[in-house]
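# Remarks on the overall topology
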Amino acid sequence: AKKLGRNNTQFYEPAMNEEARERLRIESALRNALERQEFVLHYQPQVDLQSGRIVGMEALLRWQHPELGMVAPNRFIGLAEETGLIVEIGAWVLRTACAQARSWMDNGHGMLRIAVNLSPRQFSEPQLLSSIAEVLQETGLPPACLDIELTEGLFMHDVAQAVELLHKLKALGLALSIDDFGTGYSSFSYLRHFPIDVLKIDRSFVSDISEDDEAAIVVSIIALAHNLKLRVIAEGVETESQVDYLRRHGCDEMQGYYFSRPLPAAEFEQLLRQGRDL
Ligand code: C2E
Ligand code: CA
Ligand code: CA
Ligand code: CA
């Protein structure tokens, strides 16, 4: 950088420049990744706590990078959001997840629910509603089998507009979940106004369930959900005692390493075929 001269910002801010270069590199790599089909979905089972059966799965994005290997979403979703690339990537996720769920249905695994994460940027995309409708139609997935996961942050800005869009989404026949419930700008008022079906209890509460405060929060979220006639799913369940606690307190479903990590499609189908005790 030195030979570019003293007035060059590269000279004065080598660290920042390095960071900017890294971002550019990732951004163009993300652009290529879609074309080169480097994205894959893994699927994590959602298990009914009463029956112990798999009733659905969450689609989780991974980037199979030729040099870096399997890249976790937290390392690139933020940048994909900032650059807007998340809209295209998200469309790919939705289509792939719905097609996969439909194919498992065709293979005799029944009506499984597929949960897909929706980023805030996608939520403000005018095409959202029509592209979801199109994917449902093209894949032939029954709308009731699609569960869109939203985060509380979405409801902070234009509440009236959000309510309207959620009602339109609901009219397609799908389910709506609040992800990471309790960690965002939770407000009880949106729960009254928004056509939500599921609360997902954030992992941070579940992982400390043996502590009084977290246990109280988990029990309260379950009660809140049920009083509002919503289903409740606990995330990040890792131990048998957490399973017992959640079951005892009437939590409907759970998701977590205790039952299974997110799996590549072929392994997930094997799990469906073999079954597994909770
Ligand atoms: P999330 O939606 O809260 O997804 C749950 C995360 O917790 C996943 O991480 C999952 O692998 C992890 N997890 C599941 N069970 C356990 C457990 O028992 N213990 C622990 N410690 N972790 C568990 P992952 O796959 O790395 O995804 C991270 C985040 O990236 C997701 O959090 C979600 O916000 C985002 N993400 C993933 N896929 C997509 C996508 O297709 N679109 C968008 N917009 N965001 C996505
Ligand atoms: Ca999620
Ligand atoms: Ca979550
Ligand atoms: Ca505590």
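Reading the values: the criteria
Position numbers for residues count from 1 along each chain, tracking the sequence in the order it is written. Working convention: letters from A go to chains and numbers from 1 go to ligands, in the order in which they are written. Given that this is a predicted model, residues contribute local features only at a pLDDT of at least 70 and side-chain atom pairs are listed and counted only at 80 or more, while totals for whole chains, interfaces and linings are drawn from all residues. The side-chain quantities take in all heavy atoms of the structure and omit both hydrogens and water. When a carboxyl oxygen of Asp or Glu lies within 4 Å of a side-chain nitrogen of Lys or Arg, that pair is called a salt bridge. Helix numbers and strand numbers start at the N terminus; a helix is a DSSP run of H or I with at least 4 residues, a strand a run of E with at least 2. Residue burial is assigned from relative accessible area. The probe radius is 1.4 Å, only protein chains are included, and a residue is buried under 20% of its type maximum, exposed over 50%, and partly exposed in between. If a single non-hydrogen atom of a residue is within 4 Å of a molecule or strand, that residue counts as near it. Pairs of N or O atoms are called polar contacts if they sit within 3.5 Å, as long as, within protein, a hydrogen donor faces a hydrogen acceptor (for residues adjacent in sequence, only side-chain-to-side-chain pairs). What sets the accessible areas is the Shrake-Rupley method with a 1.4 Å probe; for residues, cover comes only from the shown protein chains. Three classes are used, and their members are as follows: Ala, Val, Leu, Ile, Met, Phe, Trp, Tyr, Cys and Pro are nonpolar, Asp, Glu, Lys and Arg are charged, and the others, Gly among them, are polar. In this description, a line fitted to the C-alpha atoms serves as the axis of each element, helices being fitted only across the stretch in contact, and the angle between N-to-C directions of two axes falls anywhere from 0 to 180 degrees. Oblique is the label for any angle not under 35 degrees, not over 145, and not in the 65 to 115 range, which are roughly parallel, roughly antiparallel and roughly perpendicular in turn. By convention the crossing between two helices is left-handed if the near helix lies anticlockwise of the far one by an angle smaller than a right angle, and right-handed if it lies clockwise. Contacts are residue-level and defined by heavy atoms, with any inter-residue pair within 4.5 Å sufficient. Any nitrogen, oxygen or sulfur atom within 2.8 Å of a metal ion counts as a donor, with the limit raised to 3.2 Å for Na, K and Ca, and since water is left out, coordination shells can look unfinished. Any helix carries an expected span of 1.5 Å times its number of residues minus one. Note that the arc is computed from the directions linking the helix axis to the C-beta atoms.

The name given to the protein in an unreviewed UniProt entry is EAL domain-containing protein, and the organism recorded there is Duganella flavida.

### Brief notes about the pattern of salt bridges
Under the definition given, this model contains 15 salt bridges. R23 is paired through a salt bridge with E82; the nearest N and O atoms lie 3.0 Å apart. Placement of the pair is R23 in helix α2 (residues 14-35) and E82 in helix α3 (residues 77-83), with a sequence separation of 59 residues. R23 sits in the partly exposed class, given a relative accessible area of 37%. For K200, the salt bridge identified is with E149, shortest N-O distance 2.6 Å. Of this pair, K200 sits in strand β7 (residues 198-201) while E149 is found in strand β5 (residues 146-150), placing the two residues 51 residues apart along the sequence. Each of the two residues, K200 as well as E149, counts as buried. A cluster of three or more residues bridged by salt bridges with shared partners is formed by E58, E149, K200 and E235.

### Let's talk about the site of ligand 1
Residues in contact with ligand 1 amount to 21 residues; listed here are only the nearest, Q44, R62, R203, E238 and Y257. E58 places a polar side-chain atom, nitrogen or oxygen, 3.2 Å from an oxygen atom of ligand 1. Within the contact set of ligand 1, an oxygen atom lies 2.8 Å away from a side-chain nitrogen or oxygen of R62. Calculation on ligand 1 without its partners gives an accessible area of 800 Å², and the protein chains cover 84% of this total. When contributions to the shell around ligand 1 are tallied by element, the ones reaching two or more residues are β2 (54-65) and β6 (175-181). Here the element with the most residues in the shell around ligand 1 is β2; it accounts for four residues. Residue composition of the shell around ligand 1, by class: eight nonpolar, six polar and seven charged.

### Topic: the packing of helix α4 (residues 85-109) against helix α6 (residues 128-139)
Two elements in contact, α4 and α6, have axes whose closest approach is 9 Å; the angle formed by their N-to-C orientations is 30°. Classified by the angle their axes make, α4 and α6 are roughly parallel. In this structure, α4 crosses over α6, and the sense of that crossing is right-handed. The residues of α6 that touch α4, namely those facing L94, R95, C98, A99 and R102, are S131, I132, E134, V135, E138 and T139.

### Describing the coordination of the calcium ion (ligand 4)
Protein-derived coordination of the calcium ion (ligand 4) comes from E211 (OE), E214 (OE) and E214 (OE), at a distance range of 2.5 to 3.0 Å. Given a relative accessible area of 43%, E211 falls into the partly exposed group. Take E214: its relative accessible area is 17%, and that puts it in the buried class.

### Structural notes on helix α10 (residues 212-227)
Given 3.6 residues per helical turn, the α-helix brings residues three or four places apart onto the same face. Relative to the 22 Å expected for 16 residues at 1.5 Å per residue, α10 spans 22 Å between its end C-alpha atoms, a close match to the ideal helical length. Of all the residues in α10, the buried ones are E214, A215, V218, I221, I222 and A225. Viewed end-on, α10 has its buried residues packed into an arc of 130°, placing them on one side of the element. Opposite the packed face of α10, turned more than 90 degrees from it, sit the exposed residues D212, D213 and N227. The inward-facing, buried residues of α10 contact β6, β7, α9 (203-207), β8 (231-234) and α11 (240-248).

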